[in-house]
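# Structural overview for review
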Amino acid sequence: KSVRLEEAVYKMTGATAARYRVKDRGYVKEGLAADITVFDPRLIRDNNTLTKTNMAPAGIEAVFINGRQVQDKGRVMGSTDAGVIVL
């Protein structure tokens with residue numbers, strides 16, 4: 001089943017943050033953590049299958065965590081300690 005781009009983005013961002021009660025993420029808004037994924041909507045695709053569950057998605061151009069770029073066109077950049085784990 002296909003979903004509209006806006007719905008897919010919301011499910012992966014704001015809805016997920018709300019579900020797990022993560023208050024400083026999920027939206028692009030002043031005062032929140034700067035977690036951004038830049039993707040090409042024409043190329044974005046989940047490459048996982050029922051038997052291969054560790055496949056990287058296609059179409060991801062860049063990933064930023066707390067404003068630090070940690071991925072560029074599929075290549076992890078330097079340290080990936082930009083995030084914070086809260087238990």
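The structure reproduced in this document is the subject of the present report. (Residues numbered from 1 in each chain as written. Predicted model: local features only at pLDDT ≥ 70, side-chain atom pairs only at ≥ 80, totals over all residues. Heavy atoms only, no water.)

### Quick word on the environment of Gly 26
- Tracing the sequence through the fold places Gly 26 in the loop between α2 (14–19) and β1 (36–39).
- Among the residues examined, Gly 26 registers a relative accessible area of 22% and is labelled partly exposed.
- Considering only alpha carbons, one finds Gly 26 and Thr 13, 13 residues apart in sequence, at a separation of 4.4 Å.
- Filtering out sequence-adjacent residues up to four positions away, Gly 26 remains in contact with Thr 13, Gly 14 and Ala 17. (Helix = DSSP H or I, 4+ residues; strand = E, 2+ residues; numbered from the N terminus. Buried < 20%, exposed > 50% of the residue type's maximum accessible area, 1.4 Å probe, protein only. Contact = heavy atoms within 4.5 Å.)

### Notes on the sheet that holds strand β3 (residues 68–72)
- Spatial ordering of the open sheet is given by β1-β2-β3-β4, a layout of 4 strands whose pairing is antiparallel. Unpaired on one side and paired on the other, β1 and β4 (75–76) mark the two borders of the sheet.
- Examined bridge by bridge, β1 and strand β2 (residues 60–65) share 4 bridges and lie antiparallel to one another. In the sheet register, Val 38 faces β2, and the bridge partner there is Ala 62. (Pairing = 2+ DSSP bridges.)

### Describing the pairing of β2
- Note: β2 against β3, 4 bridges, orientation antiparallel. Residue pairing across strands places Ile 65 opposite Arg 68, the latter belonging to β3.
- Counted along the chain from β2 to the antiparallel partner β3, the turn is 2 residues long, and its residue Asn 66 has a positive phi close to 50 degrees.

### Brief notes about the environment of Ala 33
- If you trace the backbone, Ala 33 turns up in the loop between α2 and β1.
- Remark: the alpha-carbon pair of Ala 33 and Ile 65, spanning 32 residues in sequence, is separated by 7.7 Å.

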